[in-house]
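Overview (structure and organization)
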Amino acid sequence: MDVPAWPHRHLLDADGLSRDELETVMSLAEQMAEARASREPLALLRGRQLTTLFYEASTRTRVSFEVAARALGAEVDTVSVSLSSVTKGESLVDTVRTLEALGTDLLVMRHSRSGAPYLAARHARGSIVNAGDGWHAHPTQALLDLFTLRRRLPGRSVAGRRIVIVGDLLRSRVARSNIWTLTAAGANVVLCAPRALLAGFESWAGALPPDRQLSVTDDLESALRGADAVMALRIQRERDAGSGLPSVADYVAGYGLSASRLREAKPEVLLMHPGPVNEGVEVTAEVANGASSLILEQVANGVPVRMAVLALLARGAA
Ligand code: ASP
């Protein structure tokens, strides 16, 4: 498999990826998916050492990075932060330097502080992959979401499609990265939530390049009208942002996605969610597990997409 030239050493957010670069990731991820389906052995990361360093909980992201790295022949190590010297007060920079001294050349990290991977990247000799930082960014989630949508939409493109993102936008790094990738790929993105969870997003719509389509509303019914896909976001109660936010009961009453609410969308509407899902809060169990749900496809697609990202970074850093 030929991995094209790649100009980036790190993947810190999706905002730095051009439309052509998104296309490169998507087509390499397709090849990775085919190679996995046909059990073709790949050794693009042979001799490389990947470490996952997660200061926050994760199931799908961490495991899929590890599966992806192993599928490419890398050696994989997992740092259990709660058992590491972080509990003795070791700084992030010292932890990065220590892991690199032990041979890590690809470091996949998640941190509760927005910007932490940028600090790590300033001090790292190898590559840093942001697997989620605070409210800021989760670039590989956005890439796998784009990949999932393209595979399911007629014409294999999101261009001109109405994609509605509903939920806890305020605290969502998934939404912030998806806005970049989906609008860059030509989608018409609609953000919908109660006003308190939309804070700051009105100014995004004005700040994006003029060819990008992004709108913001607190009216769920009008947001859903004619939607090709709806991405629900988890209400992130562990990331408390203080008062003024709706209670869970109010949120469900006004914005919970149910089969009847989704009737406003196109009949073939696709339902997505980055997980973990609070069933009965952002989406009913019936919808989350129904025929239009792509939730488990998103999880599965995380592997070929992360394989593509890792192969490109290894090429870029070579
Ligand atoms: N798993 C995603 C994240 O880490 C979404 C979520 O936690 O709700 O941001």
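Just so we're clear, the structure is a prediction, and the values are computed from it rather than from any experiment.

Some thoughts on empty space enclosed by the protein
One pass over the structure, following the stated rule, counts two cavities of 30 Å³ or more. Of the volumes computed, that of the largest cavity is approximately 70 Å³. Together, Arg60, Thr61, Ser64, Gln141, Leu144, His273, Pro274, Ile295, Gln298, Val299, Gly302 and Arg306 line the largest cavity. Those elements giving two or more residues to the lining of the largest cavity turn out to be α2 (60-71), α5 (139-152) and α12 (295-317). Ranked by the residues each element gives to the lining of the largest cavity, the list is headed by α12, at five residues.

What about the pairing of strand β2 (residues 75-80)?
Pairing geometry for strand β1 (residues 49-54) and β2, over six bridges, is parallel. Note on β2: the bridge partner recorded for leucine 53 is valine 79. In the classification by handedness, the crossover that spans β1, the intervening α2 and the parallel β2 is right-handed.

A closer look at the layout of surface pockets
Estimated volume of the second largest pocket: approximately 160 Å³. For the second largest pocket, the full set of lining residues is Ala259, Leu262, Arg263, Ala265, Lys266, Pro267, Val269, Glu286, Val287 and Ser292. Going through the elements one at a time, α10 (259-262) and α11 (285-288) are the ones with two or more residues in the lining of the second largest pocket. Considering only residue class, the lining of the second largest pocket consists of six nonpolar, one polar and three charged.

Topic: helix α3 (residues 92-101)
Restricting attention to buried positions, one finds in α3 the residues Leu92, Val93, Thr95, Val96, Leu99 and Glu100. All buried residues of α3 lie within an arc of 165° about the axis, which places them on one face of the element. Buried residues along α3 sit in contact with β1, β2, β3 (106-111) and α4 (116-123). Residue glycine 103 follows α3 closely and has a positive phi angle near 110°.

Digging into the site of the ligand
Around the ligand, a shell composed of Arg110, His138, Arg173, Val174, Arg234, Gln236, Gly275 and Pro276 is seen. In this structure, arginine 110 approaches the ligand through a side-chain N or O atom, which is 3.2 Å from an oxygen atom. Take arginine 173: an N or O atom from its side chain is 2.8 Å from an oxygen atom of the ligand. Within the complex, the protein chains bury 93% of what would otherwise be the 260 Å² of accessible surface of the ligand.

Notes on the packing of α5 against helix α6 (residues 173-184)
Here α5 crosses α6 at 50°, and the two axes come no closer than 8 Å. Between α5 and α6, the angle is such that the two are oblique. Like other packed secondary-structure pairs, α5 and α6 cross with a definite hand, here right-handed. Along the contact surface, α5 presents Pro139, Gln141, Ala142, Leu143, Asp145, Leu146 and Leu149, while α6 presents Val174, Ser177, Asn178, Thr181 and Leu182. For the contact of α5 with α6, the per-class residue count stands at seven nonpolar, four polar and one charged.

What counts, and where the lines are drawn
- Residues numbered from 1 in each chain as written.
- Predicted model: local features only at pLDDT ≥ 70, side-chain atom pairs only at ≥ 80, totals over all residues.
- Heavy atoms only, no water.
- 1 Å grid on protein atoms, 1.4 Å probe; cavity = no way out; pocket = protein on both sides within 12 Å on 5 of 7 lines; lining within 4 Å.
- Points joined across faces, edges and corners; volume = space filled by probe spheres on them.
- Helix = DSSP H or I, 4+ residues; strand = E, 2+ residues; numbered from the N terminus.
- Pairing = 2+ DSSP bridges.
- Right-handed = clockwise from strand over helix to strand, strands pointing away.
- Nonpolar A, V, L, I, M, F, W, Y, C, P; charged D, E, K, R; others polar.
- Buried < 20%, exposed > 50% of the residue type's maximum accessible area, 1.4 Å probe, protein only.
- Arc of directions from axis to C-beta.
- Contact = heavy atoms within 4.5 Å.
- Near = heavy atom within 4 Å.
- Polar contact = N/O pair within 3.5 Å; in protein donor to acceptor, adjacent residues only side chain to side chain.
- Areas by Shrake-Rupley, 256 points an atom, 1.4 Å probe, with all protein chains shown as cover.
- Axes fitted to C-alpha atoms, helices over the stretch in contact; angles between N-to-C directions.
- Parallel < 35°, antiparallel > 145°, perpendicular 65-115°, else oblique.
- Left-handed = near helix turned anticlockwise from the far one by under 90°.

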